[in-house]
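# Survey of secondary and tertiary structure
Residues per chain, in single letters:
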Amino acid sequence: MAASETVLRVPLGSLSPSCNLASSFVNSAHILSFKPVSRTKRSLRCTNSDEFSRVSKTVARGNSFHTPNCALKGKKLVSTICKCQKHDVEENIRSTLLPSEGLSSELKSDLDEKPLPVNGSLSSNGNVQSVGSKSIEDEAWDLLRQSVVFYCGSPIGTIAANDPNSTSVLNYDQVFIRDFIPSGIAFLLKGEYDIVRNFILYTLQLQSWEKTMDCHSPGQGLMPASFKVKVVPLDGDDSMTEEVLDPDFGEAAIGRVAPVDSGLWWIILLRAYGKCTGDLSVQERVDVQTGIKMILKLCLADGFDMFPTLLVTDGSCMIDRRMGIHGHPLEIQALFYSALVCAREMLTPEDGSTDLIRALNNRLVALNFHIREYYWLDLKKINEIYRYQTEEYSYDAVNKFNIYPDQIPSWLVDFMPNRGGYLIGNLQPAHMDFRFFSLGNLWSIVSSLASNEQSHAILDFVEAKWAELVADMPFKICYPALEGEEWRIITGSDPKNTPWSYHNGGAWPTLLWQLTVASIKMGRPEIAEKAVELAERRISIDKWPEYYDTKRARFIGKQARLYQTWSIAGYLVAKLLLANPAAAKFLTSEEDSDLTDAFSCMISANPRRTRGRKKSQQPFIV
Ligand code: GLC
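How each quantity is defined
Residues numbered from 1 in each chain as written. Predicted model: local features only at pLDDT ≥ 70, side-chain atom pairs only at ≥ 80, totals over all residues. Heavy atoms only, no water. UniProt positions renumbered as here; feature names shortened; annotations may be inferred. Near = heavy atom within 4 Å. Polar contact = N/O pair within 3.5 Å; in protein donor to acceptor, adjacent residues only side chain to side chain. Areas by Shrake-Rupley, 256 points an atom, 1.4 Å probe, with all protein chains shown as cover. Nonpolar A, V, L, I, M, F, W, Y, C, P; charged D, E, K, R; others polar. Pairing = 2+ DSSP bridges. Helix = DSSP H or I, 4+ residues; strand = E, 2+ residues; numbered from the N terminus. Axes fitted to C-alpha atoms, helices over the stretch in contact; angles between N-to-C directions. Parallel < 35°, antiparallel > 145°, perpendicular 65-115°, else oblique. Left-handed = near helix turned anticlockwise from the far one by under 90°. Contact = heavy atoms within 4.5 Å. Core = buried A, V, L, I, M, F, W, Y, C linked by side-chain atoms within 4.5 Å. Buried < 20%, exposed > 50% of the residue type's maximum accessible area, 1.4 Å probe, protein only.

With an unreviewed UniProt entry as reference, the protein is termed Alkaline/neutral invertase, source organism Cardamine amara subsp. amara. Among the UniProt annotations of the protein, the heading Catalytic activity (unreviewed entry) holds the following wording: "Hydrolysis of terminal non-reducing beta-D-fructofuranoside residues in beta-D-fructofuranosides." Per UniProt, the protein carries the Function (unreviewed entry) text "Invertase that cleaves sucrose into glucose and fructose."

Put into structure tokens, the structure is as follows:
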């Protein structure tokens, strides 16, 4: 769809996310309008005025972003003419992003004296938390608020990292869609809804951008990996400036990776927004409904693939560099499943959407079956694989994917506990990636992609392997690390992904929030409590690193950013949910009985009988 059509699809009037901006934007195409910044790229623009600068400065000092919307009440944006000098706005944006002073020195020395817990053995009544947790939480809130990014005076997201001493910013000064999810949830749980609403509605606009890399355009439903608020000279008048939203769909990202997870997270956040606020008006908007359908259309499009899982390239999710996760990585499947379930809940029934909903339901059943059946691994399953026959040509082969038993890695044999199990990282013809990937497993619990039994078994596994998966800082992104020749070939000798660092077996504090949602859902919050207590011993002293290195997560990551926003927000979400476990329902999805029935039918069905012309699968039109 061309950008001009997009504008028609989404009237500017429906764009405004914050209270009084709405009426103003209806008639103000000159304030918020699409203007090409290059031949292939468009960006959302908003001219700045002195008034915007003043309002935003007040906000930054006051540490609250409720103010701008309210402060804008009654302002006639339609008549606002851009008068501000460039430096006013730049200073204004910078001033929203200053790091706080950190913890008091008394608290720091108090925490310094406490020994690090061993193998997650920290007692739940350790006194560090009772002395320090409130202050750490307060510090986290200060930092989170200081990471807020404003656009036209309204909060619209949080930057990835706010590390004042970092010499190379790269793209950490951008608002990443996936990084904002814990920030958004923290704000929702705190009752501060505007920023989330704005984020949802502005990123929806970015979805419709013309996006091109070397003359190739990806699907229209693709959401950007990140975006940035830029202050640029106003066309034709260098003394004035305007704010521009500049998205990156992967065309500037390191490795040019496609952000497949962005749209899926967007749907999940949208549903959480409705559940938490009770305000369904956002999800019911025509443009939002169309946005959901565009994402679904992209994900549900027919292709060559034999599997119901989503086929993606390497680095298309949180692990956004080459790590051998191309194909059908678990993280994408869990988010895909979750997004389908959330979308099903939110799609308003209308004539045109029957086929789409049918396609969605078919996919949910098939995906659910495929993951539960073929990705599951425990001691019993390893033993089955160990005795697999290979080269079976038949419809009812046991070893459907022709997995050679020699693939079972030596580390796995001793690693798998007697009790517990997990979903493997990836499945392809003749290939099982036996690595444990945390986010995929945790989100499979949250979304009920894993069965109830499997979900408990995953948590049993986490508990049994605490020393490896948590050690000194929760939570390992994957286990084990790729080493030696395998590292060289699979990562392409990536110096950032050396063994036990970054994506290759590093520990990421942000994963605390997904661990918390999963353990609360399964009625086992003590697992998250233990992890949070452990994190609290270091995370603030270490200045909220992006990730930790080494097998036991003992060092701050080699190239980790400090004051990483999703480390801060992940911690806050974990704390807020542990204090109010009922709120985890905004994020979880329960097992659907229709799906379970369909699932049982599939297990008992003879594959031969299911061949022939498919009656229920029809093309759908968005
Ligand atoms: C790194 C992470 C990615 C994250 C980004 C911004 O590239 O791998 O998941 O979104 O940093 O924090």
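### Quick look at the site of the ligand
Surveying the vicinity of the ligand reveals the residues A160, Y172, F176, R178, D179, M318, D320, Y502, H503, E546, Q564 and W566. Here an oxygen atom of the ligand sits 3.3 Å away from a polar atom, N or O, in the side chain of Y502. The side chain of Q564 places a nitrogen or oxygen atom 2.9 Å from an oxygen atom of the ligand. Burial of the ligand by the protein amounts to 96% of the accessible area it has alone, namely 310 Å². Considered class by class, the residues forming the shell around the ligand number six nonpolar, two polar and four charged.

### Focus on the sheet that holds strand β8 (residues 376-378)
Taken in spatial order, the four strands line up as β8-β9-β10-β11 in an open sheet, and their pairing is antiparallel. The open sheet has two edge strands, β8 and β11 (478-479), and neither has a second partner. Pairing analysis gives two bridges linking strand β10 (residues 431-437) to β11, with the strands arranged antiparallel. Of the residues in β11, the one forming a bridge with F437 is C478.

### Digging into the packing of helix α10 (residues 260-277) against helix α13 (residues 330-346)
Two numbers describe how α10 lies on α13: the axes approach to 9 Å, and their chain directions differ by 40°. Judged by the inter-axis angle, α10 sits oblique to α13. Pair α10 / α13 crosses with left-handed handedness. Seen from α10, the contacting residues are V260, D261, L264, W265, I267, I268, L270, R271 and K275; seen from α13, they are E331, I332, L335, F336, S338, A339, C342, A343, E345 and M346.

### Points about the nonpolar core
In terms of nonpolar packing, the biggest core is built from 170 residues, with W266 and I292 touching the most fellow members. Counting residues per element, this core draws most heavily on α13, which supplies 12 residues. Ignoring sequence-local partners within four residues, the contact set of W266 consists of I200, T203, L204, M223, V288, G291, I292 and I295.

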